[in-house]
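Observations on the three-dimensional arrangement
Residue-level listing of the chains:
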Amino acid sequence: MPDLPPDLDLAPPYQLTVPRSAALTPASLALKNALWPTVFAPRRKGEPEDWSHARARWACAAMARVVEEARAARAAGEVSACARDAIYGLSPFPACLLAGPPEEPAWPSYVARDTRISSAHRLRHAALNVVRALADPTTTVTTTAAAAATTSAASLTPSPPASIPTKNGQHYLLTSRSLFTTHEPCVMCSMALLHSRVKEVFFLVPMERTGGCGGAACVPKLEGVNHRFAIGRWKTGTGGVSTEGLEVDEDTDS
Ligand SMILES: [Zn+2]
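Residues numbered from 1 in each chain as written. Predicted model: local features only at pLDDT ≥ 70, side-chain atom pairs only at ≥ 80, totals over all residues. Heavy atoms only, no water.

1. Description of the packing of helix α4 (residues 126–135) against helix α6 (residues 187–195)
Where α4 contacts α6, the two axes come as close as 9 Å, and the packing angle between them is 30 degrees. By the criterion of interaxial angle, the relationship of α4 to α6 is roughly parallel. Between α4 and α6, the residues in contact are Ala127, Leu128 and Val131 and Met188, Cys189, Ala192 and Leu193, respectively. Here the residues of the contact of α4 with α6 are counted per class, giving seven nonpolar, no polar and no charged. (Axes fitted to C-alpha atoms, helices over the stretch in contact; angles between N-to-C directions. Helix = DSSP H or I, 4+ residues; strand = E, 2+ residues; numbered from the N terminus. Parallel < 35°, antiparallel > 145°, perpendicular 65-115°, else oblique. Contact = heavy atoms within 4.5 Å. Nonpolar A, V, L, I, M, F, W, Y, C, P; charged D, E, K, R; others polar.)

Rendered as C-alpha cells:
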C-alpha cells in the first residue's frame, strides 16, 4: 500500500444490505432508493407489460428505422469479413436505436450503426455507439416522433447533458429507455446496457453463439447483477419488418 495523504478523512470500510429486486410501490421505492438506486416496477415479476396501440406503433416505427439503418450501413460497406463469407456473403453489422418511453414523445431518440470497419476500431459496436451518442452532448438527435415519420434524422437541439451525479448511481444513462437493435447484442454490449440501466432490449436476429441476451449467455439473468432488463425477440414480419439483407455469420459478435 502506498502512503495515503494524511489529510484524507478515511472512514473504515463497511458493508450494508442493498435491495435485490425492483420496488413495487412508491413507498418501497423511497425506502429502497435510500440504500441503492432502484427501479420502480409496479408490475409483479414476470407479468408482461400491456401493449397499447400507441406502444405497438412506437415499437414498429423504431424497429423499422433500425433495420433501415442497418441496410444503409451494409450498403455503405460496414460489413464483416468472416470465415463463412462463402455461405453468407459479407455479414452486416447491426444498427441500434435508443428510444424514450412511448408516452414521452419529446424524449430524443438516438440511432447508431456499428462502425468497426469504417473507424478501424474493434470496440465500435452499434450498442456502444448509441450509448455514446446519447452521452455526448454534441450529438445531433432526433425525436421518436421524427424517427417514425422520416428516414433522415432531424437536427434538433440536443438534450442537456445529465448533471454530474451527486450520489453514487443517481444518474444512469439509459433509465426508462428502450433499445431496438437488428442483431442480439454481444455479451460486452449487453453488460454495458445493463450497467447503463436500460429498461428493455428488442432484437430481430438472434445470435446464438455470441449474444448476451439469451444466445451465448443471458446477462440480465446472471446471479449478482444489480439490474435486470426485459428482452424481446422481434417476430419477423411484425410491423412489416423482415430480416432480408441482415443474415449474419453466426460467429459475428454484435
Ligand atoms: Zn457488441
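2. Quick notes on the packing of aromatic side chains
The description of an aromatic ring pair rests on the distance of the ring centres and on the angle between the ring planes. In the structure shown here, the tally under the stated rule is three aromatic pairs. Here Trp51 and Phe202 contribute two aromatic rings whose centre-to-centre distance is 6.0 Å and whose plane-to-plane angle is 75 degrees, an arrangement assigned as edge-to-face. In this pair, Trp51 is assigned in the loop between α1 (26–33) and α2 (53–75) and Phe202 in strand β7 (residues 200–205), connecting sequence segments 151 residues apart. Its relative accessible area of 44% is what places Trp51 among the partly exposed residues. With a centroid separation of 5.0 Å and 20 degrees between ring planes, the pair formed by Phe180 and Phe202 is classed as stacked. Taken together, the residues Phe180 in strand β6 (residues 178–183) and Phe202 in strand β7 connect sequence positions 22 residues apart. The two residues Phe180 and Phe202 agree in class, both being buried. The rings of Trp51, Trp58, Phe180 and Phe202 are connected pair by pair, giving a single aromatic cluster. (Phe/Tyr/Trp six-rings, centres within 6.5 Å; stacked < 30°, edge-to-face > 60°. Buried < 20%, exposed > 50% of the residue type's maximum accessible area, 1.4 Å probe, protein only.)

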